[in-house]
Amino acid sequence: MAVAFGCYGLWGLSLALASGILGDWPNWVWIPIAVVAVAWHASLQHEVIHGHPTSSRLLNRLIAGPPLLLWLRFASYRASHLAHHRDEVLTDPIEDPESFYVTDVVWHAVGPIGRGFLTALNTLLGRLVLGPGFVILRSLKGEARSLLTTKCDDRLSQLGAVAVFLLQVGAVLSVLVASGVPIQLYVFGVVWPATSLMLLRSFVEHRPAHNSSERNAIVEDTGVFGLLFLSNNLHALHHEQPQLPWYRLASFYRVNKCDILAHNGFYWFPGYISVIRAFALKAKDSLRHPHA
């Protein structure tokens, strides 16, 4: 609950600074605060998907529901993320909706330019710069495909859910306009870098190992990134114990570190600085999935 208050408090503070209520502040002051708030809110939504902070799904959705990212519909995120937690299909480009990997057929079909794009996307710099556009378009494409393939009996309810989401987006946009924040500045100055922060967290989270337990990474960072990502950097542990709330993951990891690392094949990084140094301009692997 403290995280929820923190997210909305920071977001509100950033808009208050942007609007001039608290004085005349330049964009470079309030925009970073908004970026942190929105990225932190995405981490909060992840916690809500796993049943926190209350036992009421409705109350949890009300707590984390506002679409501060504008493009991510919570119900879709919840469905895709729970499907992603089927570790037996983790990283599979067809079965895992959060996979960045592609099949051998797609790899050859996209041609040299497409393969160059995919290779760039698998460097950290490419993921941070190009990744937001990629995941946003993939999300919108998935929404459209879902509407087109849904049975007629269910399509009306799904259209209703999308309409509610659009109303929520409209409410967020109205607050931005009332605060004097240009929509295009919010999209490219806040939403894009906030999505990049999410992609920094997920960049090394998974690899296509043959053993499903060795597909999840540990990034051992308990500093500012650990708080921003709500300990989801301890990703192998999260996949093993998805019911554990974020504030218990670090202590559980410290007690069981040896067993956790042995179980995940020692797929481990000391922190995000080491990830940046290793993969800023170097592809961490091939996005061509070795088993698909």
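All values derive from a computational prediction rather than experimental measurement. (Residues numbered from 1 in each chain as written. Predicted model: local features only at pLDDT ≥ 70, side-chain atom pairs only at ≥ 80, totals over all residues. Heavy atoms only, no water.)

Draft legend 1. Structural detail: helix α4 (residues 74–84). Of the positions making up α4, those classed as buried are F74, Y77, H81 and H84. Seen along its axis, α4 keeps its buried residues to an arc of 85°; they face one direction. Buried-residue contacts for α4 involve α2 (27–49), α3 (57–64) and α11 (235–240). (Buried < 20%, exposed > 50% of the residue type's maximum accessible area, 1.4 Å probe, protein only. Helix = DSSP H or I, 4+ residues; strand = E, 2+ residues; numbered from the N terminus. Arc of directions from axis to C-beta. Contact = heavy atoms within 4.5 Å.)

Draft legend 2. Local environment of empty space enclosed by the protein. In this structure the tally under the stated criterion is one cavity of 30 Å³ or more. Quantified by volume, the largest cavity comes out at close to 30 Å³. Along the walls of the largest cavity sit H46, Y77, H81, H84, E98, R201, E205, N232 and H235, which together make up its complete lining. Ranked by the residues each element gives to the lining of the largest cavity, the list is headed by α4, at three residues. Of the residues that constitute the lining of the largest cavity, the class distribution is one nonpolar, five polar and three charged. (1 Å grid on protein atoms, 1.4 Å probe; cavity = no way out; pocket = protein on both sides within 12 Å on 5 of 7 lines; lining within 4 Å. Points joined across faces, edges and corners; volume = space filled by probe spheres on them. Nonpolar A, V, L, I, M, F, W, Y, C, P; charged D, E, K, R; others polar.)

Draft legend 3. Looking closely at the pattern of salt bridges. Counted according to the given criterion, the structure contains six salt bridges. Across the pair R201 and E205 runs a salt bridge, and its minimum N-O distance is 2.7 Å. Owing to a relative accessible area of 13%, R201 belongs among the buried residues under this scheme. Residue K284 is joined to D285 by a salt bridge in which the shortest nitrogen-to-oxygen separation is 3.6 Å. Looking at K284, the relative accessible area reads 18%, which means it is buried. Taking the relative accessible area as the measure of exposure, D285 reaches 27% and is therefore partly exposed. (Salt bridge = Lys/Arg side-chain N within 4 Å of Asp/Glu carboxyl O.)

Draft legend 4. Broad picture of a nonpolar patch on the surface. Together, F117, L125, V129, L130 and L281 give the surface a local cluster of nonpolar side chains, amounting to about 460 Å² of exposed area. Here the nonpolar patch takes three residues from helix α7 (residues 124–149), the largest share from any one element. Following the sequence through the fold, L130 ends up in helix α7. (Patch = residues over 30% accessible without salt bridge, like charges linked within 9 Å, V, L, I, M, F, W, Y side chains within 5 Å. Areas by Shrake-Rupley, 256 points an atom, 1.4 Å probe, with all protein chains shown as cover.)

Draft legend 5. Geometry of the packing of α2 against α4. Contact pair α2 / α4: the axes reach a minimum separation of 10 Å and the direction vectors enclose 60°. Note that α2 runs across α4; the crossing there is right-handed. Contact residues: α2 offers A42, Q45, H46, V48 and I49, while α4 offers F74, Y77, R78, H81 and L82. Looking at the contact of α2 with α4, its residues break down into six nonpolar, three polar and one charged. (Axes fitted to C-alpha atoms, helices over the stretch in contact; angles between N-to-C directions. Left-handed = near helix turned anticlockwise from the far one by under 90°.)

Draft legend 6. Seen up close, helix α9 (residues 183–202). With 20 residues, α9 ought to run about 28 Å at 1.5 Å a step, and its terminal C-alpha atoms sit 27 Å apart, in line with that. If you look at α9, its biggest bend is around 25°, right at V191, and the proline P193 turns up within four residues after that. (Expected span 1.5 Å × (residues − 1). Bend = angle between axes of the 7 residues up to and from the residue.)

Draft legend 7. Examining the side chain of S14 more closely. The residue S14 is located in helix α1 (residues 2–19) in this model. A polar contact is formed between the side chain of S14 and the backbone oxygen of W11, at a distance of 2.6 Å. Among all residues touching S14, those that are not within four sequence positions of it are W30, I33 and A34. (Polar contact = N/O pair within 3.5 Å; in protein donor to acceptor, adjacent residues only side chain to side chain.)

Draft legend 8. Up close: unusual backbone geometry. Looking along the chain, the bond that leaves H52 and enters P53 is cis, with omega of 5°. Within the secondary structure, P53 sits in the loop between α2 and α3. Backbone geometry places S231, a non-glycine residue, at a positive phi of 60°. One can find S231 in the loop between α10 (224–228) and α11. The class for S231 is buried, based on a relative accessible area of 9%. Even without glycine at this site, F266 takes up a positive phi of about 55°. Secondary-structure assignment places F266 in the loop between α12 (246–263) and β2 (268–269). Residue classification places F266 among the exposed residues on the basis of a relative accessible area of 56%.

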